[in-house]
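What follows is each chain in one-letter form.
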Amino acid sequence: NAGVTQTPKFRILKIGQSMTLQCTQDMNHNYMYWYRQDPGMGLKLIYYSVGAGITDKGEVPNGYNVSRSTTEDFPLRLELAAPSQTSVYFCASRRPGTGTDTQYFGPGTRLTVL
Amino acid sequence: QKEVEQDPGPLSVPEGAIVSLNCTYSNSAFQYFMWYRQYSRKGPELLMYTYSSGNKEDGRFTAQVDKSSKYISLFIRDSQPSDSATYLCAMRAETQKLVFGQGTRLTINP
């Protein structure tokens, strides 16, 4: 199993541009999450999904959109990129009812907005 | 006041030392407590998981939760250079939303 994969690894955007960060997991997990991590900070939840067709806002959803049409994929869309969105973005997935809260994280996408 | 407070460090100790990492929190509804380890330029990985109060031991690692004081700790015994990483505490209530601490950057010096 590849686990959680994210593309691209790095990206530089200009202010006002848009992009989609891709996230795919092959573990058949129902729950998926998007976090951002600013330098020296913990992770902040942007959006999460408990299954295909169901998404909900996290702590910092403004400026982002998500969709979940399949169990495997959970893309994050940035519209009108702003310098404040410069961060490292992590996608994670979890299978409910496993007795632990293990969230499996992808390797991250480093985004710079100039 | 942040829901979860964690001293960001950095913390630097010699190999073999006992390391203590701590978090405090304000939300009494938190029941699930975790420690994640994050190596440089990698995603976090779950290290320890504890439900409600008490201690849990796994090899050189011990996690403690004191709900009455809203305080959790991670102890690392016989620390190794390979333990050098950022350690993030995380916790949640019955919702699916994890709340993370800032992370403590730990360096173990050979």
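Remember, it's a predicted structure, so these values are computed and weren't measured experimentally.

Undergrad: Help me understand the overall build of chain B, please; the structure alone is not making it clear to me.
TA: Secondary structure assignment for chain B yields zero helices and 11 strands. The linear arrangement of helices and strands in chain B, starting from the amino end, is β-β-β-β-β-β-β-β-β-β-β. For chain B, the spread of C-alpha atoms along the principal axes amounts to about 40 × 25 × 20 Å. Evaluated residue by residue, chain B yields a buried proportion of 45% over its 110 residues. Long-range pairs, those at least 24 residues apart, make up 54% of the contacts in chain B with a sequence separation of at least 6. Accessible area of chain B: about 5300 Å², with a carbon and sulfur share of 46%. With 12 positive and 11 negative side-chain charges, chain B shows a spacing of 6 Å between the two charge centroids.

Undergrad: What is the right way to read the pairing of strand β3 (residues 19–25) of chain B from this model?
TA: Residues and elements named next belong to chain B. Only one face of β3 is buried: it carries V19, L21, C23 and Y25, and the other face, with S20, N22 and T24, is open. Across three bridges, strand β1 (residues 4–6) lies against β3 in antiparallel orientation. Bridge assignment links Q6 to a residue of β3, and that residue is C23. As paired elements, β3 and strand β8 (residues 71–76) share six bridges and run antiparallel to each other.

Undergrad: Just checking my understanding: could you explain the side chain of B:Q38 for this structure?
TA: Summarising the element assignment, B:Q38 is placed in strand β4 (residues 32–38). At a separation of 2.9 Å, a polar atom in the side chain of B:Q38 contacts the main-chain carbonyl oxygen of B:K42. Setting aside anything within four residues of it in sequence, one finds B:Q38 in contact with A:Q37, A:F90, B:G43, B:P44, B:A85, B:T86 and B:L88.

Undergrad: When you look at the sheet that holds strand β8 (residues 76–78) of chain A in this model, what are you seeing that I'm missing?
TA: Note on sheets: strands pair through backbone hydrogen bonds, and any given pair is parallel or antiparallel. All names here are of chain A. Sheet architecture is open: four strands sit in the order β1-β3-β8-β7, paired in antiparallel fashion. Both edges of this open sheet fall to β1 (4–7) and β7 (64–66), since each of them pairs with a single strand only. Averaged over all neighbouring strand pairs, the angle between strand axes comes to 20°, with direction disregarded. In this structure, β7 lies alongside β8, joined through three bridges in antiparallel fashion. By the bridge assignment, N65 is partnered in β8 with R77.

Undergrad: Please explain the sheet that holds β1(B) as it appears in this structure.
TA: Residues and elements named next belong to chain B. The strand order across the open sheet built from five strands is β1-β3-β8-β7-β6, with neighbouring strands paired in antiparallel fashion. Of all strands in the sheet, those with a lone pairing partner are β1 and β6 (54–58), marking the two edges. Adjacent strand axes in the sheet meet at a mean angle of 15°, parallel and antiparallel pairs treated alike. Where strand β7 (residues 61–66) and β8 come together, six bridges link them in antiparallel fashion.

Cut-off values and rules
- Residues numbered from 1 in each chain as written.
- Chains lettered and ligands numbered in written order.
- Predicted model: local features only at pLDDT ≥ 70, side-chain atom pairs only at ≥ 80, totals over all residues.
- Heavy atoms only, no water.
- Helix = DSSP H or I, 4+ residues; strand = E, 2+ residues; numbered from the N terminus.
- Buried < 20%, exposed > 50% of the residue type's maximum accessible area, 1.4 Å probe, protein only.
- Contact = heavy atoms within 4.5 Å.
- Areas by Shrake-Rupley, 256 points an atom, 1.4 Å probe, with all protein chains shown as cover.
- Lys, Arg positive; Asp, Glu negative; His and termini not counted.
- Charge placed at Lys NZ, Arg CZ, Asp CG, Glu CD.
- Pairing = 2+ DSSP bridges.
- Polar contact = N/O pair within 3.5 Å; in protein donor to acceptor, adjacent residues only side chain to side chain.
- Axes fitted to C-alpha atoms, helices over the stretch in contact; angles between N-to-C directions.

Geometric values such as these leave the question of function open.
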